[in-house]
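Residue-level structure breakdown
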2 protein chains.
Amino acid sequence: MKIQVLTDVLKVNQTVAQENQREFDKSRTLVLNVMSSPGAGKTLIIEKTLEKLGQELKFAAIEGDVATANDAERLAKYDIPVVQITTESFGGACHLDANMVREAASKLDLSSVDVLFIENIGNLICPAEYELGEHKRVIVLSVTEGEDKPTKYPVAFRNANVLLVNKVDLVDHLDLNMELLLQNSRKVNSNLDILQVSAKSGNGLDGWLDWIRKEVQLRKKKSGA
Amino acid sequence: MKIQVLTDVLKVNQTVAQENQREFDKSRTLVLNVMSSPGAGKTLIIEKTLEKLGQELKFAAIEGDVATANDAERLAKYDIPVVQITTESFGGACHLDANMVREAASKLDLSSVDVLFIENIGNLICPAEYELGEHKRVIVLSVTEGEDKPTKYPVAFRNANVLLVNKVDLVDHLDLNMELLLQNSRKVNSNLDILQVSAKSGNGLDGWLDWIRKEVQLRKKKSGA
């Protein structure tokens, strides 16, 4: 019975997500749903991306948090349009949903935006269940979280397109088996693009920037630009 | 409307949680609900506690995960009774609830157990809403997650009794403002006991072990032992 209700909620959500995607496609905007545990480095990765690609591409962002507008304030410094969603007013919801994104996106003029980042709430479980209308799903995993996370939180990894293994600058100070982390990720999702990066040191970020460039081109082509 | 349903669910959960607590009190068992983000170090802290206090006190554990029995296997090595709950069979629930704990606890003989650890699912949002029948709530926060987490995930910190700031061995390799982290924690919950620890190096663990000893004594006294 409980699962039946959940299925209905997800079906309604999916319908709105599809409408969102049609809107995003009209403006030929690539939309990335960025997910991770709390503190894995999503915001810093987005900041570094804005710093490096800000002259080349136009960005906007929707920030999701339970509380505070800290992250929106961090991104607004890069002179891009940002909308903060705090779910405290939605009963403290543990994920964004397509309706919240629709409302937030309606406050953005996407007509000249190449890439819209949707930074989801820090949580490896609930966000994975809710489509938002995104074209691609990005998972950020901090090396400090350990090598077993892809198998312990399989839905998030199974539905992702790219995995950014972040904070690799810390690897020498950890008992981490990176090979096992990569194996576990591929076991859950053999199609996952995996990039090892350090948002802090900049290590490996070039691969991520190229991934975005490629996806933007692909999106423009698909929209018939 | 949605919030009404949530309120009912939480009320039913609370009733079962209170029944659980009455059972725990009968056996004079201190029950700790341990919560954190994925990979903050809950399991390693419990392992170190078993290693250091295993001769002095009797332990048992209920392990919560979406998938895998990895953590239960880690704890079983310490020769304590462990029950693993995987919520994949509950639609991938993002938290334990009082019913799951009732069922798991019924498989344990708590009559001689001093401390029952309930290791919740790695998630800083949903678990905070669900009482399980625990006497105290323990939050583990890894220093790698950053100083803003108490304000971004206020419910978990507001309802906690003790905060273990873990992985302090990594502090020298991070841009962390520890003073701000402590300030943010106290701002959300001025009654929080805060301990800085490294489960890996053992640094600061004595304070945590003393906290457990004190709480066990208090529990026995309250139960009239």
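Definitions and cut-offs
- Residues numbered from 1 in each chain as written.
- Chains lettered and ligands numbered in written order.
- Predicted model: local features only at pLDDT ≥ 70, side-chain atom pairs only at ≥ 80, totals over all residues.
- Heavy atoms only, no water.
- Buried < 20%, exposed > 50% of the residue type's maximum accessible area, 1.4 Å probe, protein only.
- Helix = DSSP H or I, 4+ residues; strand = E, 2+ residues; numbered from the N terminus.
- Arc of directions from axis to C-beta.
- Contact = heavy atoms within 4.5 Å.
- Polar contact = N/O pair within 3.5 Å; in protein donor to acceptor, adjacent residues only side chain to side chain.
- Phe/Tyr/Trp six-rings, centres within 6.5 Å; stacked < 30°, edge-to-face > 60°.
- Pairing = 2+ DSSP bridges.
- Axes fitted to C-alpha atoms, helices over the stretch in contact; angles between N-to-C directions.
- Core = buried A, V, L, I, M, F, W, Y, C linked by side-chain atoms within 4.5 Å.
- Least-squares fit on C-alpha atoms with pLDDT ≥ 70 in both.
- Buried area = accessible area lost by both parts, 1.4 Å probe.
- Salt bridge = Lys/Arg side-chain N within 4 Å of Asp/Glu carboxyl O.
- Nonpolar A, V, L, I, M, F, W, Y, C, P; charged D, E, K, R; others polar.

With that settled, the discussion passes to helix H7 (residues 178-188) of chain B. All names here are of chain B. The set of residues buried in H7 consists of Met178, Leu181, Leu182, Asn184, Ser185 and Val188. Along H7, the residues classed as buried sweep out an arc of 160 degrees about the axis, all on the same side. Buried positions along H7 lie against strand E5 (136-142), helix H5 (149-152), helix H6 (154-158), strand E6 (162-166) and strand E7 (193-196). A distance of 3.3 Å separates the backbone nitrogen of glutamate 179 from a side-chain oxygen at the start of H7, and that oxygen is part of asparagine 177.

For threonine 68 of chain A, which is not glycine, the phi dihedral falls at a positive 80 degrees. Accessibility expressed as a relative area gives 22% for threonine 68 of chain A, which makes it partly exposed.

So, on to the packing of aromatic side chains. Residue and element names in this part refer to chain B. Applying the stated criterion to the full structure yields four aromatic pairs over all chains. On the basis of an interplanar angle of 5 degrees and a centroid distance of 5.8 Å, the ring pair of phenylalanine 59 and phenylalanine 117 is categorised as stacked. Of the two residues, phenylalanine 59 sits in strand E2 (residues 59-65) while phenylalanine 117 sits in strand E4 (residues 115-119), which places them 58 residues apart along the sequence. Its relative accessible area of 5% is what places phenylalanine 59 among the buried residues. Since its relative accessible area comes to 1%, phenylalanine 117 is described here as buried. Ring geometry for tryptophan 208 and tryptophan 211: centres 5.5 Å apart, planes at 15 degrees, overall stacked. You can see tryptophan 208 and its partner tryptophan 211 sitting in helix H8 (residues 205-222), three residues apart, about one turn around the helix. With a relative accessible area of 1%, tryptophan 208 lands in the buried category.

Now for the side chain of serine 27 of chain A. All names here are of chain A. Within the secondary structure layout, serine 27 lies in the loop between helix H1 (2-26) and strand E1 (30-36). Look at serine 27 and you get buried, because its relative accessible area is 16%. Among the polar contacts made by the side chain of serine 27, one reaches the main-chain carbonyl oxygen of phenylalanine 24 at a distance of 3.2 Å. Engagement of the side chain of serine 27 in a polar contact is seen with the side chain of threonine 29, the distance being 2.8 Å.

Attention shifts here to the sheet that holds E4 of chain B. Residue and element names in this part refer to chain B. Taken in spatial order, the seven strands make up an open sheet running E3-E2-E4-E1-E5-E6-E7, and their pairing is parallel. At either end of the open sheet lies a strand with only one pairing partner, and these are strand E3 (82-86) and E7. The sheet shows a mean angle of 20 degrees between the axes of neighbouring strands, taken without regard to direction. In the sheet, strand E1 (residues 30-36) pairs with E4 via five bridges, with the strands oriented parallel. Looking at the pairing, asparagine 33 lines up with isoleucine 118 of E4.

Okay, the nonpolar core next. Ile62, Leu116 and Phe157 of chain A together with Ile62, Leu116 and Phe157 of chain B are the most contacted members of the largest nonpolar core, which has 89 residues in total. Not counting the four nearest positions on each side in its chain, leucine 116 of chain B is found in contact with Phe24, Thr29, Leu30, Val31, Leu32, Ala60, Ala61, Ile62, Leu108 and Leu110 of chain B. Grouped together as the second largest cluster of nonpolar side chains are 28 residues, Val34, Leu53, Val197 and Leu205 of chain B included.

With that settled, the discussion passes to the relation of the copies chain B and chain A. Between the two copies, chain B and chain A, the superposition gives an RMSD of 0.0 Å; the rotation angle is 180 degrees and the shift along the axis is 0.0 Å. The two molecules are tied by a two-fold rotation axis, judged by turn and shift. Counting the interface residues of chain B, we find that 100% of their copies in chain A are interface residues as well, pointing to one common contact surface.

Taken together, the contacts link 35 residues of chain B with 35 residues of chain A. Three residues, Pro38, Ile125 and Lys152 of chain B, lead the burial of chain B against chain A; their summed loss comes to 20% of the area buried on that side. Between the two partners, chain B and chain A, sit six salt bridges. Here aspartate 71 of chain B and lysine 152 of chain A are joined by a salt bridge, their closest N and O atoms 2.6 Å apart. At the boundary of chain B and chain A, one finds 12 residue pairs in polar contact (both at pLDDT 80 or more). Counting only elements with at least two residues in the side of chain B that touches chain A, the list comes to helix H3 (70-76) and H5 of chain B. Across the side of chain B that touches chain A, the residue classes tally to 13 nonpolar, 11 polar and 11 charged.

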